[in-house]
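Here's the letter readout for the chains.
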Amino acid sequence: MSSRRQFLGASAVALGAAMVSRAALAAVPEAPTMSQSATQPPLAPSSGRPYNPVVTLNGWTLPWRMKDGWKEFHLVAEPVLREMAPGMKARLWGYNGQSPGPTIECVEGDKLRIFVTNRLPEHTTIHWHGVILPNGMDGVGGLTQPQIGVGKTFVYEFEMRKSGTFMYHPHADEMVQMAMGMMGFIVVHPKNPGFMPVDRDFVFLLNAFDIDPGAATPKTNTMLDFNLWCWNSRVFPGIDHLVVRQNDRVRIRIGNLTMTNHPIHVHGHEFEVTCTDGGWVPKAARWPEVSVDVAVGQMRAIEFQAYNPGDWAFHCHKAHHTMNAMGHAVPNMIGVDQKPVLEKITKLIPDYMAMGEQGMAEMGSMEMPLPDNTLPMMTGQGPFGPMEMGGMFTVVKVRPDVKAGDYRDPGWYKHPAGSQAREWTGAPFAATKASPANREGVELKARKPGGGHAHH
Ligand SMILES: [Cu+2]
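1. Looking at the overall build of the chain
If you tally the helices and strands in the chain, you get 5 helices and 25 strands. Relative to its 456 residues, the chain shows a buried fraction of 48%. Long-range contacts, defined as pairs at least 24 residues apart, comprise 73% of the intrachain contacts of the chain with a sequence gap of at least 6.

Below, the structure is given as structure tokens:
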């Protein structure tokens, strides 16, 4: 969750210039690095055409320099240490100090020169997903270029012919390098700032890791059974909130570089998909949605008018993706009376704890000892108690009293009197009105010797 102090940590951008000689500096631009995992303030363009910069959730935008009409960026592929949420750090591979790498922002018509230095223990390349460019700049190792060897720097040069939202990732030993966290966003702003304007423009990537509790390095051979479902290599409650002023037009650009699809769901508002990684969606081809399925290797930009104040859940709709690391081999214990077997087990293991008999919600409020460097499966504290979430979950905070360009956490929403669900305190619900199915359950339980809630 973003605090004021975290968010204002703009000074975290450190320049590696000290390591580069004056002569080298003239040729290769600086490679800024990021040491923080909190959302950094949007980077207003210091040169070139004007635009409204994006906010990278728990990330940052890569600074550039102008040289002879070219925008020059420098990406460094390297091992990084990423805090996924307070209490857990992962040893990933990324760019310029973080996974995902920094967002690259530019303007339609810009000429880009991107230096890529390889500080990984193996070769790499970068593919510019969705960008229309000359074939030799496409970054497919072995097909369009030789691999970038360990310690080498390659240069990519191309013109950004169209605006939109794209991604970058290696096209070399892809299974390993993407499973280790190598990816980033590319946002190309329209040449005309009046085209599709929004007040707030958020970007993040969906990514996933398989890290055993107590370990820090992802298992790169995992095909589908990942245990950390992330937005920008963060999991709930480590994903910052999206702070929005009431009635702002909001765009959220979501790219999927996991190995499965994610139906992303926004509460309290309807939205339209206005852009894919193929380009802008014409008005006549849009329809209202409250969930959008983002398939593997796709980008979907959604837009809505934030007219409804409150704290709105914003999450993947696959329930297993809003949980943190867990043992998937847990048997289904719902409705199982564990009491008889428990008495036998307790004789052997005195502090054995039976779980899951009435669902798993009890885990949300439980303080259980965990191995080092992992996160509770269901966690997070809201203003009314445990939120029982993890993974791909955060909150969109819509408030009337937020200033333009202010992304600081306004705290929890204060519900107007009479506008909140409350406990019924009138006449109690009669048990005899239970449905036939429910009655059967009650009778089954009543027949059990020593069963708790006998129905008389
Ligand atoms: Cu998902």
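2. What to know about the sheet that holds strand S11 (residues 164-169)
With mixed pairing, the 4 strands of this open sheet are ordered in space as S7-S12-S11-S9. Pairing within the sheet leaves two strands with one partner each, and these edge strands are strand S7 (104-107) and strand S9 (127-129). Geometrically, the sheet is characterised by an average inter-axis angle of 25° between neighbouring strands, direction not taken into account. Relative to strand S12 (residues 184-189), S7 runs parallel, the two being bridged by 4 bridges. Within S12, the residue paired with Cys106 across the bridge is Val188.

3. A look at the nonpolar core
In this structure, Leu75, Ile104, Ile114, Trp128 and Ile186 are the most contacted members of the largest nonpolar core, which totals 32 residues. Of all the elements in the fold, those that place two or more residues in this core are strand S5 (70-85), strand S6 (88-95), S7, strand S8 (111-118), strand S10 (153-159), S11 and S12. In this structure Leu75 touches Leu62, Tyr95, Asn96, Pro102, Ile104, Ile114, Phe115, Val116, Thr117, Ile126, Trp128 and Tyr168, once residues within four positions along its chain are discounted.

4. Brief notes about the confidence of the model for the chain
With 80% of its residues at a pLDDT of 70 or more, the chain has an overall mean of 86. Confidence drops under a pLDDT of 50 for residues 14-21, and excluding neighbours within four residues, the segment shows 7 contacts in the predicted structure. Considering only residues more than four positions removed or in separate chains, one finds that residues 450-456, a stretch of pLDDT under 50, has 5 contacts.

5. Here we look at the sheet that holds strand S17 (residues 262-266)
On the basis of which strands lie adjacent, the open sheet formed by 5 strands has the order S15-S25-S22-S17-S20 and mixed pairing. Bordering the open sheet on either side are strand S15 (242-245) and strand S20 (291-294), each of which pairs with just one other strand. On average, adjacent strands in this sheet sit at an angle of 20° to one another, irrespective of strand direction. Relative to S20, S17 runs antiparallel, the two being bridged by 4 bridges. Among the inter-strand pairings, Pro263 is bridged to a residue of S20, identified as Asp293.

6. What to know about the pattern of salt bridges
Inspection of every chain in the model, using the stated rule, returns 19 salt bridges. The partner of Arg113 in a salt bridge is Glu72, with the nearest N and O atoms 2.6 Å apart. Here the residue Arg113 occupies a position in strand S8, and Glu72 occupies one in strand S5, the gap between them amounting to 41 residues. Residue Arg113 is classed as buried on the basis of its relative accessible area, which comes to 16%. Accessibility expressed as a relative area gives 2% for Glu72, which makes it buried. Its salt-bridge partner being Lys219, residue Asp210 comes within 3.9 Å of it at the nearest N-O pair. Overlapping salt bridges, with partners in common, bring together Asp201, Arg249, Arg251, Arg253 and Glu303 in one network.

7. Focus: the pairing of strand S16 (residues 249-256)
In terms of burial, S16 is a largely internal element, 7 of the 8 residues being buried. In this structure, strand S13 (residues 200-209) lies alongside S16, joined through 7 bridges in parallel fashion. Its bridge partner being in S16, Phe202 is matched across the sheet by Ile252.

8. With respect to the environment of Ala38
Along the polypeptide, Ala38 turns up in the loop between strand S2 (33-34) and strand S3 (55-56). Expressed as a C-alpha distance, the spacing of Ala38 and Leu57, which sit 19 residues apart in the sequence, is 7.9 Å.

9. Details of the side chain of Arg253
By secondary structure assignment, the location of Arg253 is in strand S16. According to the relative accessible area criterion, Arg253 is buried, its value standing at 2%. Once residues within four sequence positions are removed from consideration, Arg253 is found in contact with Val54, Gly164, Thr165, Phe185, Val187, Asp201, Phe202, Val203, Phe204, Met299, Arg300 and Ala301.

10. Quick notes on the pairing of strand S25 (residues 393-399)
Burial of S25 is extensive: 7 of the 7 residues sit out of reach of the surface. Residues Phe393, Val395, Lys397 and Arg399 of S25 are buried on one face, and the alternating residues Thr394, Val396 and Val398, pointing to the opposite face, are buried as well. The pairing of S15 with S25 spans 4 bridges and is classified as parallel. Residue pairing in the sheet places Val243 in a bridge with Lys397 of S25.

11. What about the packing of aromatic side chains?
On inspection of all chains with the given rule, the structure shows 12 aromatic pairs. For the pair Trp128 and Tyr168, a centre-to-centre distance of 6.0 Å together with 45° between the ring planes defines the contact as tilted. Of this pair, Trp128 sits in strand S9 while Tyr168 sits in strand S11; the two residues are 40 residues apart in sequence, bridging distant segments of the chain. The exposure class assigned to Trp128 is buried, which follows from its relative accessible area of 1%. By way of ring pairs, the aromatic residues Tyr95, Trp128, Tyr156, Phe158 and Tyr168 are connected into one cluster. Here the guanidinium or amino end of Lys71 rests over the ring plane of Trp64, the centre of that ring lying 4.7 Å away. Its guanidinium or amino end placed over the ring of Trp70, Arg113 lies 4.6 Å from that ring's centre, counting from NZ or CZ.

12. Considerations on the coordination of the copper ion
His262 (ND1), Cys316 (SG) and His321 (ND1) make up the full set of protein donors to the copper ion, lying at 2.0 to 2.1 Å. On the primary sequence, the residues serving as donors to the copper ion are separated as H-x53-C-x4-H. Note that His262 is positioned in strand S17 and His321 in the loop between strand S22 (310-316) and helix H4 (339-348), a separation of 59 residues in sequence. Across the pair, exposure class does not vary: His262 and His321 are buried alike.

Cut-offs used in this document
- The residue numbering used here restarts from 1 in each chain and proceeds along that chain's sequence as written.
- Restriction of local features to residues with pLDDT of at least 70 applies here, the model being predicted, together with a cutoff of 80 or more for giving and counting side-chain atom pairs; totals for whole chains, interfaces and linings are based on all residues.
- Excluding hydrogens and water, the side-chain values take into account all heavy atoms of the structure.
- Every helix listed is a DSSP run of H or I at least four residues long, and every strand listed is a run of E at least two residues long, numbered separately from the N terminus.
- Three labels apply to residues, based on accessible area from a 1.4 Å probe with only protein chains included: buried if under 20% of the type maximum, exposed if over 50%, partly exposed otherwise in between.
- We call two residues in contact whenever any of their non-hydrogen atoms come within 4.5 Å of each other.
- Strand pairing requires that DSSP identify at least two bridges connecting the strands.
- Think of each axis as a best-fit line through the C-alpha atoms, taken over the contacting stretch in the case of a helix, with angles from 0 to 180 degrees between the N-to-C directions.
- Residues enter a nonpolar core if they are buried and are Ala, Val, Leu, Ile, Met, Phe, Trp, Tyr or Cys, with the set joined through side-chain atoms within 4.5 Å.
- The predictor's confidence in any single residue is recorded as pLDDT, a number from 0 to 100.
- Here, a salt bridge means any Lys or Arg side-chain nitrogen found within 4 Å of an Asp or Glu carboxyl oxygen.
- Pairs were defined over the aromatic rings of Phe, Tyr and Trp, the Trp ring being its six-membered one, requiring ring centres within 6.5 Å. Orientation was assigned from the angle between planes: stacked under 30 degrees, edge-to-face over 60, tilted for the rest.
- We count a charge as sitting over a ring when the NZ of a lysine or the CZ of an arginine lies within 6 Å of the ring centre and within 35 degrees of the ring normal.
- Think of the donor list as every N, O and S atom within 2.8 Å of the metal, or within 3.2 Å for Na, K and Ca; water never makes the list, so a site can look incomplete.

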